[in-house]
Amino acid sequence: MATWDLSQTKHHVLICNGGSCMRKGGEEVTVAIREAITESGLDDYVHTTRTRCNGRCEDACVMIVYPEGIWYENVTPEDAQKLVEEHFQNGRPVESLMTHRFETNGFVRTIDTKPGILKSQKAKK
């Protein structure tokens, strides 16, 4: 297994490869994002990791970018180039795909994002 030198890494991208995301093109999204990163010459600056379910299945395919704490929804292979150019090259998250952003006291939903269910609420049902 390769051990990457992360000393130049600016972004860590978590791409959901859980069940719902895979049914919505998770594999294709993973490949497209990685290809766009390589084509843009950002391999040393953007590290990607496939994950299992991230718990926002209605938002499939989900992509999360750190250190910013940006959650993206409904990502398709066609979105890859725009995400790489706007977010990773120009530092501007793609608002139209964003569901959450980390701020000082936690994650904040964008206006149209479904709130989901807190575990404490789910246990009461």
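Remember, predicted model here, so these are calculated numbers, not experimental data.

1. Regarding the overall build of the protein chain
Then step 1. For the protein chain, the count of helices and strands is four helices and six strands.
Then step 2. Against the globule reference of 14 Å for 125 residues, the protein chain gives a C-alpha radius of gyration of 15 Å, in line with a compact fold.
Then step 3. Counting only C-alpha atoms and orienting by the principal axes, one finds that the protein chain spans roughly 50 × 30 × 30 Å.
Then step 4. Looking at the protein chain residue by residue over its 125 residues, the buried ones come to 39%.
Then step 5. Long-range pairs, those at least 24 residues apart, make up 60% of the contacts in the protein chain with a sequence separation of at least 6.
Then step 6. Summed over all atoms, the accessible surface of the protein chain reaches about 8,000 Å², with 51% contributed by carbon and sulfur.
Then step 7. Placing the 16 positive and 18 negative side-chain charges of the protein chain at their respective mean positions leaves the two points 12 Å apart.

2. Side note on the pairing of strand β3 (residues 63-66)
Then step 1. For strand β1 (residues 11-16) and β3, the ladder comprises four bridges, and the chain directions are antiparallel. Directly across from His12, in β3, lies its bridge partner Tyr66.
Then step 2. The pairing of β3 with strand β4 (residues 70-72) spans three bridges and is classified as antiparallel. Its bridge partner lying in β4, Val65 is registered against Ile70.
Then step 3. Connecting the antiparallel pair β3 and β4 is a turn made up of three residues, with Gly69 showing a positive phi of about 70°.

Quick notes on the rules
Residues numbered from 1 in each chain as written. Predicted model: local features only at pLDDT ≥ 70, side-chain atom pairs only at ≥ 80, totals over all residues. Heavy atoms only, no water. Helix = DSSP H or I, 4+ residues; strand = E, 2+ residues; numbered from the N terminus. Rg over C-alpha atoms; globule rule 2.2 N^0.38 Å. Buried < 20%, exposed > 50% of the residue type's maximum accessible area, 1.4 Å probe, protein only. Contact = heavy atoms within 4.5 Å. Areas by Shrake-Rupley, 256 points an atom, 1.4 Å probe, with all protein chains shown as cover. Lys, Arg positive; Asp, Glu negative; His and termini not counted. Charge placed at Lys NZ, Arg CZ, Asp CG, Glu CD. Pairing = 2+ DSSP bridges.

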